[in-house]
2 protein chains.
Amino acid sequence: MSEYLPGLAGVPATKSNISDIDGAQGLLTYRGYPIEELALSSSFEETTLLLLDGELPDAAELSEFSAQLCANRPVKFHIREMMRQMPGTGHPMDMLQTAVASLGMFYPGNECLTNAEVGEDLNYVHNMTVKIIARMGTLVAMWEHIRNGYDPIPPRSDLSYAENFLYMFTGREPDPLLARILDVCLILHAEHTINASTFSVLVSGSTLASPYSVITSAIATLSGPLHGGANQKVVEMLHEIGTPERAEEYVTRRLANKEVIWGMGHREYKTKDPRANILQRLTEELMEARGGDVNPMFEVAKAVERISEERLGPKGVYANVDFYSGILYTEMGIPSDQFTALFAMARSAGWLAHWREQLVDNRIFRPTQVYTGRERRSYTPIEQR
Amino acid sequence: MSEYLPGLAGVPATKSNISDIDGAQGLLTYRGYPIEELALSSSFEETTLLLLDGELPDAAELSEFSAQLCANRPVKFHIREMMRQMPGTGHPMDMLQTAVASLGMFYPGNECLTNAEVGEDLNYVHNMTVKIIARMGTLVAMWEHIRNGYDPIPPRSDLSYAENFLYMFTGREPDPLLARILDVCLILHAEHTINASTFSVLVSGSTLASPYSVITSAIATLSGPLHGGANQKVVEMLHEIGTPERAEEYVTRRLANKEVIWGMGHREYKTKDPRANILQRLTEELMEARGGDVNPMFEVAKAVERISEERLGPKGVYANVDFYSGILYTEMGIPSDQFTALFAMARSAGWLAHWREQLVDNRIFRPTQVYTGRERRSYTPIEQR
């Protein structure tokens, strides 16, 4: 038997072609393409197809895929009626698990395929993938209206994924710069090798559960505070600090108490998270375009980052992707408890790429345990206990 | 880096005190107690408390736990209304994922506990556990009525878990022998070390996701045809065979084509699955009590088992727990597509025992990958592809 390593740290759980991290150099690639180049030139739709297929699409392929996503944006009114029964206090991540699981009943696939058949029937796999990714945004935006007592705003088919999401969420024509920033945020969150939620995809997918079940399981795992949700904490922290002048005292006190600075540091990167650099530039671009008329939290964030990097940079701790995404989402009018749902919406692309990759050479996950319990003993009747 | 072992076969993923299998000798123990003794003398309620707490309860503890389960059987009418929106063709396992995920909104716990706090707050953990196990049966039984266009039957609090489930499911006063058989089936399915769905519990739970999310993830994983669902296949096989005389031809042909005989063989056991022995005796008891007036499938099953064991026994392949549970459930009036939902209902006890055990010394699962993809390459504009 192999050695027991808690959390399977460093234990390879799969072979994968999808993404790669060089933590020492701060590099992240999807299918070999650096994340910086994708953020600069690609779209969420194109990046999703790259993650799924392994190659950048040509114009005709991208156009067909975008049309498929548009066609699958609407959801049946039964799902809206289900959401109307949910308590408005319900967390968006609980709603999302519920709604995605229900898609398995409303949009079933062919569930009788065997292992080999599923892996080989790329058409089936592609159709299921489109059905899910397209509807993630609709479900997240619907809940924002329904939980506040309003009717949801139906999707449009003349807008990109990011534009349509902002339109459904806010009810306004999307601001082009904000839509571009959201598009980049979706690209940056679409994939990140084998983290806990992606590992859930592998474990659930290995029993040949439906892709709806697989994504439900991944959302469940992402919902935990140790995984998703750090960008929400960043925004809460910035509000707690309040003004740039108070940043130094806050950071000093937290570090003295051995508490984390939210949005700083990442298990994989020993340099600044490459995604944080991209978001920092976008944040500056947005501030410039607005002539300084932005959320005061931006100035607080800059102060926190500067002070944190002075203190923590020498230890390899820098701002990560969560540090800026929260304030950018706030600027789009998205409440902080929805941030992890947006994360799930973007990550559904990477999750489904891993689902598809594994199907071709699937083996059920059945690790073992180190049994540390009681030796065999005899049952005693309740009167004798 | 450790060696890559597909499916993490043989790789220890946790230390656990809960259950143990000796596959060579055909032994299964829960907290040290042989499954045969629990099946003979215990109840699902008592076994659940044993799995959770580690020791058999005294009379007062068992009585309090049973009362807590009774008090948590009802579900809010909003959940019934949600189910009324679901298509009647929806699979019970998809319904169950949806409904259990929704419990996170209807019955939220304290979601702000840190790692250490959750592990130490046994009261919180116990309350959440009761809320889920108690309602699993209600949800499964509700769906049987709602999908057929009828109002669900509210739970009663004067019946045991097994009796109340049969009452809610069938609408009749439960037959005592069938209720006892169901009770034993629930005990036998309550726990079975680290299989794929229990591993999902560990992975999802490791991010400190809520127990509703954790159980949703486990149900998702169990729903795959490589994991749950074999007992449904057994019943379909028996119907296909039709009469005991045709069993020999069927088994011979399947084996010649290198096809499996459903319900025969188990990855862990090289002898007869100890749970199958128990169910075989109960099946005989039921046939005797009925004076032979039982489903003709019982005779087909006996013929299939006899012939299969002649041919496969020398290779260590014998009947497993799924072989008899399907026909017993059929005799209770439970349709075959509900069998895996009953499995989930019973297994929720073991899943939550593992959730609780892990919280005390939690570490997020983040295994690694063997990257087999493309080297770094540059983005090419779409016009140049």
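This text follows the structure it describes.
Note that residues are indexed from 1 along each chain, following the sequence as it is written. All chains are assigned letters beginning at A, and all ligands numbers beginning at 1, according to the order in which they are written. Owing to the predicted nature of the model, reporting of local features is limited to residues with pLDDT of at least 70; listing and counting of side-chain atom pairs is limited to 80 or more, with chain, interface and lining totals taken over all residues. To get the side-chain values, take all heavy atoms of the structure and skip hydrogens and water.

Counting residues at the interface gives 102 residues for chain B, matched by 101 residues for chain A. Summed over both partners, the accessible area lost on bringing two parts together, with a 1.4 Å probe, is the buried area. For the pair chain B and chain A, the summed buried area comes to about 9,500 Å², and 58% of that belongs to carbon and sulfur atoms. Between Glu55 of chain A and Arg377 of chain B there is a salt bridge, and its shortest N-O distance comes to 2.9 Å. A per-element tally of the side of chain B that touches chain A places helix 5 (residues 92-106) of chain B first, with nine residues. Amino acids are sorted into nonpolar (Ala, Val, Leu, Ile, Met, Phe, Trp, Tyr, Cys and Pro), charged (Asp, Glu, Lys and Arg) and polar (every other residue, Gly among them). For the side of chain B that touches chain A, the class distribution of residues is 41 nonpolar, 42 polar and 19 charged. Two strands pair when backbone bridges link them, and strand 5 (residues 368-371) of chain A and strand 1 (residues 12-16) of chain B are joined in this way by four bridges, in the parallel orientation. If you follow Tyr371 of chain A over to strand 1 of chain B, its bridge partner there is Ser16 of chain B. In this description, contact between two residues means that some pair of their heavy atoms is separated by no more than 4.5 Å. For salt bridges, the criterion is a side-chain nitrogen of Lys or Arg within 4 Å of an Asp or Glu carboxyl oxygen. Helix and strand assignments come from DSSP, with helices taken as H or I runs of at least 4 residues and strands as E runs of at least 2, each series counted from the N terminus. Should DSSP find at least two bridges between two strands, the strands are taken to pair.

Moving on, we come to the sheet that holds strand 2 (residues 19-22) of chain B. All names here are of chain B. Ordered by their spatial adjacency, three strands build an open sheet running 2-3-4, and the pairing between neighbours is antiparallel. Two strands in the sheet have a free side with no partner beyond their single neighbour: strand 2 and strand 4 (33-34). Across two bridges, the pairing between strand 3 (residues 27-30) and strand 4 is antiparallel. Bridge pairing links Tyr30 to Tyr33 in strand 4.

Another aspect to go through is the relation of the copies chain B and chain A. Copies are brought into register by a least-squares superposition over C-alpha atoms of residues with pLDDT of at least 70 in both. Each copy superposes on the other: chain B lies on chain A with an RMSD of 0.0 Å after a rotation of 180 degrees and an axial shift of 0.0 Å. Seen this way, the second copy is the image of the first under a two-fold rotation axis. Comparing interface residues between copies, 99% of those in chain B also lie at the interface in chain A; the contact surface is shared.

Each pair of packed helices can be described by the angle between their axes along with the distance between the axes. All names here are of chain A. Axes here refer to lines fitted to C-alpha atoms; in helices the fit is confined to the stretch in contact. Angles between the N-to-C directions go from 0 to 180 degrees. At a minimum axis separation of 8 Å, helix 5 (residues 92-106) and helix 17 (residues 339-359) run at an interaxial angle of 35 degrees. Here helix 5 contributes Pro92, Met93 and Leu96 to the contact with helix 17, which in turn contributes Thr340, Ala341 and Ala344. Within the contact of helix 5 with helix 17, the residues separate by chemical class into five nonpolar, one polar and no charged.

With that out of the way, let us pick up unusual backbone geometry. Residue and element names in this part refer to chain A. Residues other than glycine seldom take positive phi values, yet Leu8 does so here, at roughly 50 degrees. With respect to the element layout, Leu8 can be found in the segment before strand 1 (12-16). One non-glycine residue with positive phi stands out, namely Thr193, at about 50 degrees. Under the scheme applied here, a residue whose accessible area is under 20% of the maximum for its type counts as buried, over 50% as exposed, and between as partly exposed, the area being computed with a 1.4 Å probe on protein chains only. With relative accessibility at 6%, the residue Thr193 sits in the buried group.

Attention now goes to the pattern of salt bridges. In this structure the tally under the stated criterion is 40 salt bridges over all chains. Note that Glu46 of chain B and Arg385 of chain A form a salt bridge whose closest N and O atoms lie 2.7 Å from each other. In this pair, Glu46 of chain B is assigned in helix 2 (residues 44-53) and Arg385 of chain A in the segment after strand 5, connecting two distinct chains. One salt-bridge network, in which partners are shared between bridges, spans Glu55 of chain A together with Arg374 and Arg377 of chain B.

A few words on the environment of Ser2 of chain B. Along the chain, Ser2 of chain B turns up in the segment before strand 1. Considered as a pair, Ser2 of chain B and Lys15 of chain B are 13 residues apart in the sequence and their alpha carbons are 19 Å apart. Once residues within four sequence positions are removed from consideration, Ser2 of chain B is found in contact with Leu5, Gly10, Val11 and Pro12 of chain A.

Next up on the list: the sheet that holds strand 3 (residues 27-30) of chain A. Strand order in the open sheet made by the three strands is 2-3-4 (chain A), with antiparallel pairing throughout. At either margin of the open sheet sits one strand with a lone partner, and together these are strand 2 (19-22) and strand 4 (33-34) of chain A.

Residues and elements named next belong to chain A. With 13 residues, helix 3 (residues 59-71) extends 18 Å between its outermost C-alpha atoms, agreeing within 8% with the 18 Å of an ideal straight helix rising 1.5 Å per residue. Leu62, Phe65, Leu69 and Cys70 are the residues of helix 3 that are buried. Projection of helix 3 onto a plane perpendicular to its axis shows the buried side chains occupying an angular sector of 140 degrees, all on one side. Facing away from the buried side of helix 3 by more than 90 degrees, the exposed set consists of Ala60, Glu64 and Ala71. Buried positions along helix 3 lie against helix 2 (44-53) and helix 7 (122-146). If you check the start of helix 3, you find a side-chain oxygen 3.1 Å away from the backbone N of Ala60, and it comes from Asp58. To estimate how far a helix should reach, multiply one less than its number of residues by 1.5 Å. To obtain the arc, one takes the directions from the helix axis to the C-beta atoms. Contacts described as polar in this section are N or O atom pairs within 3.5 Å, which, within protein, must combine one atom able to donate a hydrogen with one able to accept it, while residues neighboring in sequence count only if both atoms come from side chains.

Another point: the pairing of strand 2 of chain B. Residues and elements named next belong to chain B. In strand 2, alternate side chains face the same way, and those of Ser19 and Ile21 are buried while those of Asp20 and Asp22 on the opposite face are not. Note: strand 2 against strand 3, four bridges, orientation antiparallel. If you follow Ile21 over to strand 3, its bridge partner there is Leu28.

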